[in-house]
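Coordinates in review
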Amino acid sequence: MTYIQPNISRNTGIKIITEAIENSQPFLFTRFGDGEMWMLREEHTPANLNRIKKALSLSESNYQRIMKRMRAELIDCWNDSDLVGIMGDNMKDYGVSYEYDPHKWSVTYEEAKEIGISNSSIGDHMLCRGKELGDPNNFKKIIKGKSIHVLSQNYSQLQKNNLADILGCKITYTEITRTPNNVVHNQNQLLRELDKIKEDIVIYGLGAGGKYVGRYLKNVCGKTCLDFGATLDGWAGIISRAWFKDTQNYLLIK
């Protein structure tokens, strides 16, 4: 079995994202981690189901319907992304000490065909956690004062950490609630809020259930959409990954 691997280099991926920001072009970078991969494969083990039910406040009466919808959204987002991010076998280059397991972090070409995945513009899942994009002092040089909009459950912490001052730009936010998660449970209202976004650049970290947000913002609203995931945890001062304390401490705004 041959697993899909990133085929766009780290430097090229950064260049692609940087040019999209500079040109304010409709663009979508979507990251797929281990959670997205088991959902694509429909590996509904008790551990996986318990994890997703707890994270998204799903009940026995609605989890099957919502997970079916989320899987379809993941496939659409993969195919609509200008750059897909999956984990490669170079995690140590980003200061991460996991042992790479292709089944956990990727899908085979045969599985991709069966699932309906066709996009082959594959970059690295960790792009936004490298120093080039993840260090706010470096990202500041890329956005060059352009206003951005952020969607995150950590929006209040990001505001308290004066992210706008650190990035040297105006930032507006959309409130994302945790329980219940309004990204999953109140899509129509959220989409109406997204329609109001004026900024060209939108950064978000919304988990497996929120990938559709970037696709909507690119296709309907013409935004430059960047799925930054846990990078926004670090910018909010939250150590959600062990390496934020050492090998990726440049992400952490204290």
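The paragraphs below set out a description of the structure included in this document. (Residues numbered from 1 in each chain as written. Predicted model: local features only at pLDDT ≥ 70, side-chain atom pairs only at ≥ 80, totals over all residues. Heavy atoms only, no water.)

Comments concerning the pairing of strand β6 (residues 201-205)
To keep things clear, this is the line we draw: Burial classes: relative accessible area under 20% of the type maximum marks a residue as buried, over 50% as exposed, and values in between as partly exposed (1.4 Å probe, protein chains only). Secondary structure elements are taken from DSSP: a helix is a run of H or I of four residues or more, a strand is a run of E of two residues or more, and numbering for both begins at the N terminus. Think of it this way: DSSP has to see at least two bridges between two strands before they count as a pair.
Of all five residues that make up β6, four are buried, and the element is covered over most of its length. The pairing of β6 with strand β7 (residues 224-227) spans four bridges and is parallel. Each bridged residue has a counterpart across the sheet, and for V202 the counterpart in β7 is C225.

Points about the packing of helix α2 (residues 34-41) against helix α4 (residues 63-80)
Stated precisely, the cut-off is as follows: Every axis in this analysis is a line fitted to C-alpha atoms, fitted for helices over the stretch in contact. Angles between the N-to-C directions lie between 0 and 180 degrees. Angle categories are assigned with fixed cut-offs, so that under 35 degrees is roughly parallel, over 145 is roughly antiparallel, 65 to 115 is roughly perpendicular, and the rest are oblique. When checking whether two residues touch, look at their non-hydrogen atoms; a contact exists if any pair is within 4.5 Å. The classification used treats Ala, Val, Leu, Ile, Met, Phe, Trp, Tyr, Cys and Pro as nonpolar, Asp, Glu, Lys and Arg as charged, and all other residues, Gly among them, as polar.
Close contact between α2 and α4 brings their axes to 9 Å; oriented N to C, the two are set at 110°. Of the possible angle classes, the one that applies to α2 and α4 is roughly perpendicular. Where α2 abuts α4, its residues E36, M37, W38, M39 and L40 lie against M67, M70, R71, L74, I75 and W78. For the contact of α2 with α4, the class distribution of residues is nine nonpolar, no polar and two charged.

A look at the layout of surface pockets
Selection rule: In this analysis a 1.4 Å probe is tested at points of a 1 Å grid over the protein atoms alone, and where it fits but cannot get out there is a cavity; an open set with protein on both sides within 12 Å along at least five of seven lines is a pocket; lining residues have an atom within 4 Å of a point. Grid points are joined across faces, edges and corners, and a volume is the space filled by probe spheres set on the points.
Considered as a void within the structure, the largest pocket measures approximately 1100 Å³ in volume. Around the largest pocket, the lining is made up of 43 residues, and of these R51, L206, G207, A208 and R241 lie nearest the centre. The set of elements that each furnish at least two residues to the lining of the largest pocket consists of α2, α3 (46-56), α5 (102-105) and α14 (231-235). Among the residues forming the lining of the largest pocket, the class breakdown is 17 nonpolar, 14 polar and twelve charged.

Concerning the nonpolar core
Under the convention used in this document: Put simply, a nonpolar core is a bunch of buried Ala, Val, Leu, Ile, Met, Phe, Trp, Tyr and Cys residues held in one set by side-chain atoms that sit within 4.5 Å of each other.
Of all hydrophobic cores here, the largest spans 38 residues; its most connected members are I17, F139, L167, L226, F228 and W235. Residue assignment for this core shows that the elements contributing at least two residues are α1 (10-23), β1 (27-32), α8 (136-143), β4 (148-152), α10 (163-167), β5 (171-175), β6 and α14. Counting residues per element, this core draws most heavily on α1, which supplies four residues. Counting 27 residues, the second-largest nonpolar core is a separate cluster that includes M37, C77, I86 and A112.

A short note on unusual backbone geometry
In the segment running from T179 into P180, the intervening peptide bond is cis, with an omega of -5°. Looking at the secondary structure, you find P180 in the loop between β5 and α11 (182-185). A positive phi angle is found at S24, which is not glycine, with a value near 50°. Along the chain, S24 falls in the loop between α1 and β1. Phi is positive for N162, which is not a glycine, with a value near 55°. Along the chain, the position of N162 falls in the loop between α9 (155-160) and α10.

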